[in-house]
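One letter stands for each residue in the lines below.
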Amino acid sequence: MPAFEHSVKKRLSDLKKQHLFRELESSELSGLWVERAGKKLLSFSGNDYLGLSQDKRVVKAAKNSLKKYGAGAGASRLITGNHPLYATLEKSIARIKKTESACVFGSGYLANLGLISTLAESNDLILADKAVHACMIDGIRLSGASFQRFKHNDVSHLEQLLQTYRKQHKNCFILTETVFSMDGDLAPMKQIQALAKKYNATTISDDAHGMGIIENEVRADIQMGTFSKSAGSYGGYIAASKTIIDFIKTSARTLMFSTALPPAVVAASVASLAIMRKEKNRGEKALSNAKYFTKLLDLPVAQSAIVPLIIGAEKDALLYSKRLMEKGFLVTAIRPPTVPKGTARLRFTFTSQHKKKHIDALARALQGIKK
Ligand SMILES: *Cc1c(COP(=O)(O)O)cnc(C)c1O
């Protein structure tokens, strides 16, 4: 074996020793159920919060578009990939987010990467909540801006950092998530927005886990999100003023140098958003299901469709997940680097499609393991 492969093999075995090795499990989906190794499991792990990935109207929109326009877009949006469906989708997302304009990207990851690295320059300052998603961090790294993290949801720490660092920089950006992906809690947007005003900073929020479930009363200056979760489709977006979006469209490298989404995927997102706007009860149901679960288990009341149960050690979290799987439930263990060290956890997600009896059975199974 070549020397380099040897060193990779060593890194692999180190990960295994630390219970940090990950494997791609083949998972066949049908709604709430996931088939793994021939076994049907009831999933509390997906992000299809409104059940729209399986919705007949959404699937039909994609199918019709597939037949009409084919499988792929063939080029980036700035070349020939900008199908008219994009304009419809961007209008719709701007309306939902109450902004002048919007831009659709190939994925949420690409949206954050492109947005942050395009807007922030090396003489700027970025202050990000400690728990923001990896793609925000990667966007920050690419930007070359100065970067500090503030303690999770801690506005007084944020203000301290603003006092210390704001003056030496040209522009300042504050980054947070509306609903935190691994904690399920909400950002104090009102206080963050007030600080941004006081210190002349621009706020950017990642709404990947909020859309269609949590209505934001106070919005960030720039709102980012994805169609890959509650919209049940694929793709990312940025919603902001026309000036910002015009600049992003002409400069973001992840938009310029990556092929446009297949028209069928864009058509599915258009159909999803139309349903989301009309059927508000879907989001309400996902949230009330999460609340029902936290009540059953005497956990702090769910604030979103995501409920974490912190276990601590990686190997214990894996064991819990395995035991639940033996009982017919799919609840993934989340480990570092997705979450901080020592906070490995089970992450339960609830959708509008879960029934009370599903949640009762899950709670019983979990209590059975605890004893
Ligand atoms: C999933 C996720 C993303 C990335 O979105 P994709 O469309 O899956 O690439 C970005 N931010 C957060 C908080 C996420 O959970």
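Before any of the text, the structure's been laid out above.
For the structure given in this document, a descriptive report is provided here. Every chain's residues receive numbers from 1 upward, in the order its sequence appears when written. Residues qualify for local features only when their pLDDT is at least 70, as the model is predicted, and side-chain atom pairs are given and counted only at 80 or more; totals for whole chains, interfaces and linings, by contrast, use all residues. Side-chain metrics rest on all non-hydrogen atoms present in the structure, leaving aside hydrogens and water.

### Some details on the packing of aromatic side chains
Geometry of aromatic contacts follows a simple scheme: Phe, Tyr and Trp rings, the Trp one being its six-membered ring, pair when their centres are within 6.5 Å, and the pair is stacked under 30 degrees between planes, edge-to-face over 60, tilted otherwise. Applying the stated criterion across every chain yields a total of 5 aromatic pairs. Measuring from ring centre to ring centre gives 6.3 Å for Phe44 and Phe329, while their planes differ by 40°; the resulting arrangement is tilted. Highlighted residues: Phe44 in the loop between β3 (39-43) and α2 (56-69) and Phe329 in strand β12 (residues 329-330), separated in sequence by 285 residues. Accessibility assignment for this pair places Phe44 and Phe329 in one class, buried. Following the ring pairs from residue to residue traces out a cluster consisting of Phe44, Phe293, Phe329, Phe348 and Phe350. The residue whose ring lies beneath Lys16 is Phe21, and the NZ or CZ to ring-centre distance is 4.5 Å. Look at NZ for Lys and CZ for Arg. If either is within 6 Å of the ring centre and within 35 degrees of the ring normal, a charge sits over the ring. Between Arg77 and the ring centre of Tyr86, over which it is positioned, the NZ or CZ distance is 4.0 Å. What counts as a helix is a DSSP run of H or I of at least four residues, what counts as a strand is a run of E of at least two, and both are numbered from the N terminus. In this scheme, a residue with accessible area under 20% of its type's maximum is buried, one over 50% is exposed, and one in between is partly exposed, where area comes from a 1.4 Å probe on protein chains only.

### Topic: the site of the ligand
Among the 13 residues in the neighbourhood of the ligand, the closest are listed as Asp206, His209, Thr226, Ser228 and Lys229. Contacts to the ligand include Thr226, whose side-chain N or O atom sits 2.7 Å from an oxygen atom. Counted as a polar contact is a pair of N or O atoms within 3.5 Å, where, for protein atoms, one must be capable of donating a hydrogen and the other of accepting one, and residues adjacent in sequence contribute only when both atoms are in side chains. A distance of 2.6 Å separates an oxygen atom of the ligand from a polar side-chain atom of Lys229. Surface accessibility in these figures is a Shrake-Rupley result with a 1.4 Å probe; residues are shielded only by whichever protein chains are displayed. Protein burial of the ligand: of its 380 Å² of free accessible surface, 87% is covered by the chains. Each residue is tested against the molecule or strand, and it is near if at least one of its non-hydrogen atoms lies within 4 Å.

### A few points about empty space enclosed by the protein
A 1.4 Å probe that fits into a set of points on a 1 Å grid over the protein atoms alone but cannot get out defines a cavity; an open set with protein on both sides within 12 Å along at least five of seven lines defines a pocket, and lining residues are those with an atom within 4 Å of a point. Grid points are joined across faces, edges and corners, and a volume is the space filled by probe spheres set on the points. This model, assessed by the stated rule, comprises 2 cavities of 30 Å³ or more. The volume enclosed by the largest cavity comes to roughly 60 Å³. Taken together, Arg77, Tyr86, Val104, Phe105, Gly106, Thr254, Leu255, Ser258, Thr259, Ala260 and Leu261 make up the lining of the largest cavity. Gly is placed with the polar residues, together with every amino acid not listed as nonpolar (Ala, Val, Leu, Ile, Met, Phe, Trp, Tyr, Cys and Pro) or charged (Asp, Glu, Lys and Arg). Residues that form the lining of the largest cavity fall into these classes: 6 nonpolar, 4 polar and 1 charged. Here the second largest cavity is characterised by a volume of approximately 30 Å³. What lines the second largest cavity is Thr178, Met189, Ser205, Asn216, Val218, Arg219, Ala220 and Gln223. The residue inventory of the lining of the second largest cavity, partitioned by class, reads 3 nonpolar, 4 polar and 1 charged.

The values reported here are purely geometric and, on their own, carry no functional implication.
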